[in-house]
Amino acid sequence: MRIVWYSEVKWNYLRTRKQNLLAHFPPNDKILFFQPFSFVNKNFIFPRKEENVYYVTLPTYRKSKFKTFDKLMSFSIFRIFFYIVLKCYANFWIRILLKKTPDCICISNIYYLSLINNNKTPIVWDFNDHPGQFGAQPSWAIQEFNRFINDTDNSIISSSIGITNYLNKEYNRLVNTIPNGVDLGKFNNNLSKDNLSPIPVIGYVGIISPWFFDFELVQKLAKHFNSCEIQLYGPRVIDIENQLDQLLQIPNISYHGEKPYDILPQIMNTFTVGIIPLYSTPEVRRLASGKFLQYLGVGIPVVSVWMDQYAKIEKNIFLSNTHSEFISSVEKALKHPFIPMNDDLREFDWKNLSKYFRNELKAAIR
């Protein structure tokens, strides 16, 4: 199968849903992964290759502080010219690297939609986040998005049952659910528990952003559990530096930055409880954080804001809707003896989910 993926994140940025799914595709598949331009991380104008995946930077519009470009993109004549040039560039690499028309197109970036309009190749949207949940988007981009979603010739795969229910309600669309998963080969509770800190550790691994991360909740946790350590790991968005600095004034909160994916199991293994301290909003409740499953994989209880996807898991989880519920749940989790659940997690193994995802792509091609 020849696949082109127009992504909203870079191939070599963290370890996202895209890498976990595509890494388990058959080695004879050819995959071209277009990633957006970044002002922070490396850009690759010439393709790089990892196994059977080529990844290359394909610049497109993105929200930024450059208001002049925003203004230009609001004019349809400029936008048409911009995307004609971009399409020529994309097609050049498709011809060079795939040698022929792709069998299927995957997309997860609203700003690439203009490239694939009127395309005869089957198109599948991997719906992991709603574009609007990260702030207001340009009207022209939202129009493109709504047009795509309402076109029943396009297929949609959602990353959680919450997103599926949302799309069914808002767009009356048939949606297939393939949730986020966990690499059980890496995140397993066979790791040694020796030399752990005698002080209980309440830990979080994930992006620290202004959209979801609940700074007030973390502050309350630190003050309530002042005999515990609150450890935060993960990349931080620039806009939150002041808020994070305020948190770090509290003695039992520490921030350790972004860490390589391969050492995350060892880091999580030092936690007594894993937390997902996000805002309790409809947008968050319909998500399915992969960190949730990683915590369970290494064998620690999880306290999280409510997520519909995990509501039916009965072991080792504590879901909350309010700050007071979250704090009460952490109290319970700190005393909770972990119940083994490898069989429960097997359905979420990326190896299995990847097969389901590829089968959906094959079904779209037919």
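Residues numbered from 1 in each chain as written. Predicted model: local features only at pLDDT ≥ 70, side-chain atom pairs only at ≥ 80, totals over all residues. Heavy atoms only, no water.

A. Quick look at the sheet that holds strand S1 (residues 2–6). Here we have eight strands laid out as an open sheet, ordered S3-S4-S2-S1-S5-S6-S7-S8, and mixed in their pairing. The open sheet has two edge strands with one neighbour each: strand S3 (48–50) and strand S8 (176–177). Across five bridges, strand S2 (residues 30–35) lies against strand S4 (residues 53–57) in parallel orientation. The residue bridging Phe-34 from the neighbouring strand is Val-56, located in S4. This element, helix H3 (residues 76–98), spans S1, S2 and S4 of the sheet and lies at about 155° to S2. The strands touched by helix H13 (residues 350–365) are S1, strand S5 (104–107), strand S6 (123–127), strand S7 (155–158) and S8; relative to S5, the strand with the most contacts, the crossing angle is about 125°. (Pairing = 2+ DSSP bridges. Helix = DSSP H or I, 4+ residues; strand = E, 2+ residues; numbered from the N terminus. Contact = heavy atoms within 4.5 Å. Axes fitted to C-alpha atoms, helices over the stretch in contact; angles between N-to-C directions.)

B. The packing of aromatic side chains, seen in detail. Evaluated as defined, the whole model comprises 32 aromatic pairs. Measuring from ring centre to ring centre gives 6.5 Å for Trp-5 and Phe-33, while their planes differ by 35°; the resulting arrangement is tilted. Highlighted residues: Trp-5 in strand S1 and Phe-33 in strand S2, separated in sequence by 28 residues. Neither residue differs from the other here; Trp-5 and Phe-33 are each classed as buried. Taken together, the ring pairs in this structure connect Tyr-61, Phe-69, Phe-78, Phe-82, Tyr-83, Tyr-111 and Trp-140 into an aromatic cluster. (Phe/Tyr/Trp six-rings, centres within 6.5 Å; stacked < 30°, edge-to-face > 60°. Buried < 20%, exposed > 50% of the residue type's maximum accessible area, 1.4 Å probe, protein only.)

C. Spotlight on the sheet that holds strand S11 (residues 253–255). Pairing is parallel across the open sheet formed by six strands, whose spatial order is S11-S10-S9-S12-S13-S14. Looking at the sheet topology across the chains shown, the edges are occupied by S11 and strand S14 (317–320). In this sheet, neighbouring strand axes are inclined to one another by 20° on average, regardless of whether the strands run parallel or antiparallel. The sheet strands contacting helix H6 (residues 215–224) are strand S10 (229–233), S11 and strand S12 (273–276), and the helix crosses S10 at an angle near 150°. On top of the sheet, helix H10 (residues 290–298) reaches strand S9 (201–205), S12, strand S13 (302–305) and S14; it is set at about 175° to S12, its chief contact.

D. Region of the structure containing the environment of Pro-340. Its place among the elements puts Pro-340 in the loop between helix H11 (323–334) and helix H12 (342–345). Separated by 178 residues in the primary sequence, Pro-340 and Gly-162 place their C-alpha atoms 26 Å from one another.

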